[in-house]
Amino acid sequence: MESRNPVLSRRGAFGQQSSGYAPSVYQLEAMYNTSSYAPPRSMTIDDVVVRSLLTLGTLAVAGAAAWILVPDRLANAVALAGVVVGLICWAILTFGRRVNPALVLGYAAAYGVTVGVVSHAYNSFYNGVVLQAVVGTALAFGATLTVYALRIVRVTPKFVRFVVAAGFALLGLMLLNLLVSLFHVGGIGLRENGPLGIAFSVVAILVGCFYLLLDFRSIEDGVRSGAPRKAAWLAAFGLTVSLLWIYLELLRFLSYFYDRD
């Protein structure tokens, strides 16, 4: 079998030894000084885990700092700035052609600030809801990973199309509710404490879990196909986006029951 090493496969080197040819001292020295080809390392599950921890750690640190340092009078402005910066990073990462770890961490930091401000506001009105939402998000992640590992739900192309369509539909309804709320108080009731609002939050949480399934499938496919190691940053980015979605929806969902007490 022919070697893939460019040194060993070149004619005039080891490739001719079978015919009785002995390389000269100069040829041996040239062969020794020639660096062998080393293919770039492929992405592994460990790479994804490490980069996901770095990304989520950045988000948590930024969130904690915003919770402690941002005064109430600046909360809205700081949260909006975080959303804008995060959206810019998201757009570049989503539509760009290069993986940029700095942008992934920048997205995590920007949205971490926003999440910290929002979480502080929620916790001021509903003491303890943030801890419950964090625990709920962790449980949702673990349950979804178990469902994927056991192949209880199979991520087929049809399932992918359904999840993507559901995500766009939810975003469209949120935008419609926001536009209506500009003219009528409360909008169309999707974000109010009532049967419609609770049902909408449940659906949104489920869709967030479905997106986690897509993330797991994408990671598995990347590892199997030998994706470059740097692609682990995109995997960490996708997981962070899905977990943020689930956390924020859980925060709102749990707050409804605080209102009812």
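Residues numbered from 1 in each chain as written. Predicted model: local features only at pLDDT ≥ 70, side-chain atom pairs only at ≥ 80, totals over all residues. Heavy atoms only, no water.

**What about the overall build of the protein chain?**
Counting its secondary structure elements, the protein chain contains 9 helices and 0 strands. Scanning the protein chain from its N terminus toward the C terminus, one meets helices and strands in the order α-α-α-α-α-α-α-α-α. Within the protein chain, the fraction of its 261 residues that count as buried is 36%. Sequence separation of 24 or more characterises 78% of the internal contacts of the protein chain that already satisfy a separation of 6 or more. Of the roughly 15,800 Å² of accessible surface on the protein chain, a fraction of 68% belongs to carbon and sulfur atoms. (Helix = DSSP H or I, 4+ residues; strand = E, 2+ residues; numbered from the N terminus. Buried < 20%, exposed > 50% of the residue type's maximum accessible area, 1.4 Å probe, protein only. Contact = heavy atoms within 4.5 Å. Areas by Shrake-Rupley, 256 points an atom, 1.4 Å probe, with all protein chains shown as cover.)

**A short note on the UniProt feature "transmembrane region" (unreviewed entry) in the protein chain**
As recorded in UniProt, the sites labelled "transmembrane region" (unreviewed entry) are residues 48–68, 74–95, 102–123, 129–150, 162–184, 196–214 and 234–258. End C-alpha atoms of residues 74–95 are separated by 32 Å, and the span's content is 95% helix alongside 0% strand. For residues 102–123, helix accounts for 100% and strand for 0%, while the C-alpha atoms at its two ends are 31 Å apart. (UniProt positions renumbered as here; feature names shortened; annotations may be inferred.)

**As for the nonpolar core**
Ranked by size, the top nonpolar core spans 45 residues in total, and within it V48, V129 and L251 carry the most contacts. Of all the secondary structure elements, the ones that give two or more residues to this core are α3 (45–69), α4 (75–95), α5 (101–125), α6 (129–149), α7 (157–181), α8 (195–225) and α9 (232–260). Ranked by residues supplied to this core, first place goes to α9 with 14 residues. Apart from the residues lying within four places of it in its own chain, the contact partners of L251 are V118, S119, Y122, V129, V130 and A133. (Core = buried A, V, L, I, M, F, W, Y, C linked by side-chain atoms within 4.5 Å.)

**A word on a nonpolar patch on the surface**
A cluster of nonpolar side chains, L175, L178, L179, L182 and F183, forms an exposed patch at the surface whose accessible area comes to about 570 Å². Here L179 is to be found in helix α7. (Patch = residues over 30% accessible without salt bridge, like charges linked within 9 Å, V, L, I, M, F, W, Y side chains within 5 Å. Salt bridge = Lys/Arg side-chain N within 4 Å of Asp/Glu carboxyl O.)

**Thoughts on unusual backbone geometry**
The backbone of R151 sits at a positive phi, close to 60°, despite the residue not being glycine. Turning to its location among the elements, R151 is positioned in the loop between α6 and α7.

**Comments concerning the environment of E220**
Along the chain, the position of E220 falls in helix α8. Residue E220 is classed as partly exposed on the basis of its relative accessible area, which comes to 24%. Sequence separation of E220 and I45 is 175 residues, and the distance between their C-alpha atoms is 8.2 Å. Residues contacting E220, with those up to four places away along its chain left out, are Y148 and R151.

**So, the environment of V113**
The topology assignment puts V113 in helix α5. Classification of V113 by relative accessible area gives partly exposed; the value is 23%. Contact partners of V113, with chain neighbours within four places excluded, come to A62, G63, A66 and V78.

**A closer look at α8**
Between its first and last C-alpha atoms α8 spans 45 Å; for 31 residues at 1.5 Å apiece the expected length is 45 Å, and the two agree. Just downstream of α8, G226 is the residue with a positive phi angle, here 75°. (Expected span 1.5 Å × (residues − 1).)

**Remarks on the pattern of salt bridges**
Applying the stated criterion to the full structure yields 6 salt bridges. Two residues, D47 and R51, come together in a salt bridge whose shortest N-O distance is 3.8 Å. Here D47 pairs with R51, and both are found in helix α3, just 4 residues apart, close to one helical turn. R51 matches D47 in its accessibility class, with the two residues each being buried. Here E220 makes a salt bridge to R151, at a shortest N to O gap of 2.9 Å. Residue E220 is located in helix α8, and its partner R151 is located in the loop between α6 and α7; the two are separated by 69 residues in the primary sequence.

**Points about the packing of α3 against α5**
The contact between α3 and α5 brings their axes to 7 Å, and the two run at 40°. Between α3 and α5, the angle is such that the two are oblique. Of the two elements, α3 crosses α5, and the hand of that crossing is right-handed. Here L54, T55, T58, L59, A62, G63, A66 and W67 of α3 come into contact with α5, specifically with V104, L105, A108, A109, G112, V113, G116, V117, S119, H120 and N123. In the contact of α3 with α5, the residues fall into 11 nonpolar, 8 polar and no charged. (Axes fitted to C-alpha atoms, helices over the stretch in contact; angles between N-to-C directions. Parallel < 35°, antiparallel > 145°, perpendicular 65-115°, else oblique. Left-handed = near helix turned anticlockwise from the far one by under 90°. Nonpolar A, V, L, I, M, F, W, Y, C, P; charged D, E, K, R; others polar.)

**What to know about α3**
The first and last C-alpha atoms of α3 sit 36 Å apart over 25 residues, in line with the 36 Å expected at 1.5 Å per residue. Within the sequence span of α3, burial applies to D47, V48, R51, S52, T55, L59, A62, G63 and A66.

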